[in-house]
Amino acid sequence: MAAGAVPGDPSFEELFRLHAGRLVRLAHLLGADDPEDAVQEAFCRFFVVHRDRRPDNLVGYLNRMVVNEVRTRQRRSKLADRKRLHLVTAPPANEQIERDESVHELVRALRDLAPRQREALVLRYWLDLPLADIAAAMEVRLGTVKSLISRGVARLGQKLEDHR
Amino acid sequence: MNETETRLADELKQEADTVQVDLDRMWSVVQEQTRTSPAVHRTARPWRRRLAPYVAAASVAAVVVTVAVVDNHDRGPSTATQTSPTPTPAKKKPTKAPSGPVDQPVDDWACAYRTVIQPRRSLQTYELVPAFVDPREVPDEAKDYAVPRYHFTLNGKTGVLDYGDAAGRRISRTKLTKSGDRWRVGDRTLCSGADGRPSPDPVALGKYTAKPRPFNTKADTVKQAPPTGTPVLVDDRTYFDGTGLLRQTTLYAYPAKGGYAFARVPDSNSVWVIPDNRLGGDSAQVNSSSSGPTNPFGEHAFSLDLIVSYLTGDRDVTGLRITSDSGQPQGPAQKLAFGGKTLYTVVARSKIDGDTLVTVLRKSGNEAPRRY
């Protein structure tokens, strides 16, 4: 029987409490609309798939799950946007303005980058991950990561220059 | 780091620090979702992948499966087999059921509809996992699934492995490629419902195709959440497993402590208690065989369509509505009397992740749709 993530499963709860906060912030920086929900979903998937065994590189695996979850949601959201009007109510206009003003200039510029560039930059400059770990989290080659970071930084630098 | 990089790192840190995380609330949600309704979090590909880790001992599975096969053949061919567009040989009277897979040539296809599947993929990398067979031996998979007949046809560096039903008709054909002194398993064409669906009659929720299998109070899963009232028959149908064999599965819902649960016959390996007034469901994990390296198609257990359910005594609720973002047709809905309450069920046929929307309909105003 699947007992679920009950308090009697300390390893899973410990794992959750240890990593969930960081992963929510990661999802937020990656642009998830609902970072907590994305991380909850990732942990639910993790629980079902790995209830009996844990992957070797646990942290890397969790990073990858969240990156994939956010990516999937964004893709789905884009598709949905193409097909129909928004079902989800957008925040009031004044709230949107307040949010934008609180965001720093480069972080705001980050939103305009291609999703993969954004992922690479967040994993590199926020999580401070080595390039190999970024490649694993994004499931791309090392060279691709270097290229994404290099081009992403260049684009951000350009945007800063344009802004000055 | 140059100026841009330094500044980006600082801003990312500041931005991340603004995020407040309610870990207790999140943990409650995770607990609830993993305990009460894991099915509704399962999505197309992961959902199928999760069917893999079945733990039924192979010997037990073989017994269960053998019973299913004998029973299926007693009931005659399915709708699919009756409408075969290709001429099939006159139905041979099944002889005495063999005790295990026998190596004999198989005849033409037993079914009208077929689909093509690939060997299982790694859960980590999603790469195809190499699987091999030895033509000098009975395939382990054939033994595990109690396939009545198998036959290798080899030609140089390529070959095929045919599986046949008890009447000798082909139920699947698997491509083989020689790799050293072994034969690597490739794509498999096997019997299916129309459009490659697992069931010959995938929308027959509540319309029984045969005599349903009786509810088994002694099943291991049922013992884990014992019934506190009378079980209700929700569904009964035939489906094709990963070898192409036709099987039967019956689904019951029954009241249990804390809510209600679904139980499949033959037994599935898990049960979850779903509270009232909450969307839950049965993910139709009906494969009774294990899916180790000997079963390269074990993950193609052909889960039936997801059944989403809602039990309530609230008269404000009038039903469930199921729709699809992609415009794909969804399955039927039904309403069942359930110990003074009402159990609503709908069938999600779309296999696209997040494509299905289920709405609880209320007289006072419908609830927000939930996405599956």
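Basis of the calculations
Residues numbered from 1 in each chain as written. Chains lettered and ligands numbered in written order. Predicted model: local features only at pLDDT ≥ 70, side-chain atom pairs only at ≥ 80, totals over all residues. Heavy atoms only, no water. Helix = DSSP H or I, 4+ residues; strand = E, 2+ residues; numbered from the N terminus. Areas by Shrake-Rupley, 256 points an atom, 1.4 Å probe, with all protein chains shown as cover. Core = buried A, V, L, I, M, F, W, Y, C linked by side-chain atoms within 4.5 Å. Buried < 20%, exposed > 50% of the residue type's maximum accessible area, 1.4 Å probe, protein only. Contact = heavy atoms within 4.5 Å. Pairing = 2+ DSSP bridges. Axes fitted to C-alpha atoms, helices over the stretch in contact; angles between N-to-C directions.

S.K.: Looking at this structure, how should I read the overall build of chain A?
M.R.: Tallying secondary structure elements over chain A gives eight helices and zero strands in all. Starting at the N terminus and walking to the C terminus, you meet the elements of chain A as α-α-α-α-α-α-α-α. Total accessible area on chain A is roughly 8600 Å²; 51% of this is exposed by carbon and sulfur atoms.

S.K.: Would you mind going over the nonpolar core with me for this structure?
M.R.: One broad rule of soluble globular proteins: the nonpolar side chains tend to lie buried together. Leu26, Val39, Phe43, Leu121 and Leu123 of chain A together with Leu12 of chain B are the most contacted members of the largest nonpolar core, which has 56 residues in total. The biggest single contributor to this core is helix 1 (residues 10–29) of chain A, with nine residues. Every residue in contact with Phe43 of chain A, bar those within four places of it in the chain, is listed here: Phe12, Leu15, Phe16, His19, Ala20, Leu23 and Leu62 of chain A together with Val30 of chain B. Within the second largest apolar cluster, 23 residues are counted, among which are Ala142, Trp183, Cys191 and Leu245 of chain B.

S.K.: What should I look at first to understand unusual backbone geometry in this one?
M.R.: In most cases, non-glycine residues show a negative phi, while peptide bonds are predominantly trans. Here the amide bond leading from Val265 of chain B into Pro266 of chain B is cis, since omega sits at 0°, within 30 degrees of zero. Even without a glycine there, the phi angle at Glu139 of chain A is positive, about 60°. As for its placement among the helices and strands, Glu139 of chain A is situated in the loop between helix 7 (131–138) and helix 8 (142–163). The backbone phi angle of Ala146 of chain B is positive, close to 55°, even though this residue is not glycine. Among the secondary structure elements, Ala146 of chain B is positioned in the loop between helix 6 (140–144) and strand 4 (149–155).

S.K.: Explanation requested: the sheet that holds strand 17 (residues 370–371) of chain B in the structure shown.
M.R.: To summarise the sheet geometry, strands pair through backbone hydrogen bonds and adopt either a parallel or an antiparallel arrangement. Residues and elements named next belong to chain B. The strand order 13-16-17 describes an open sheet built from three strands, whose pairing is antiparallel. Edge positions in the sheet fall to strand 13 (317–324) and strand 17, since each of these pairs with one other strand and no more. Pairing between strand 13 and strand 16 (residues 356–362): seven bridges, direction antiparallel. What sits directly across from Thr323, in strand 16, is Leu357.

S.K.: Where do I start with the sheet that holds strand 10 (residues 259–265) of chain B in this structure?
M.R.: Residues and elements named next belong to chain B. A sheet is described by the order of its strands in space; here three strands give the open sequence 8-9-10, paired in antiparallel fashion. Single-partner strands in this sheet number two, and they are strand 8 (232–240) and strand 10. Adjacent strand axes in the sheet meet at a mean angle of 20°, parallel and antiparallel pairs treated alike. Across eight bridges, the pairing between strand 8 and strand 9 (residues 246–256) is antiparallel. Opposite Thr238, over in strand 9, you have Gln248 as the bridge partner.

S.K.: Mind showing me how you'd approach the pairing of strand 16 of chain B here?
M.R.: Looking along a regular strand, one sees the side chains alternate between the two faces of the sheet. Residues and elements named next belong to chain B. In terms of residue burial, strand 16 counts as a mostly covered element, since seven of its seven residues are buried. Every second residue of strand 16 is oriented toward a common face, with Thr356, Val358, Val360 and Arg362 on one face and Leu357, Thr359 and Leu361 on the other, all of them buried. Pairing geometry for strand 16 and strand 17, over two bridges, is antiparallel. The partner of Leu357 across the bridge, within strand 17, is Arg371.

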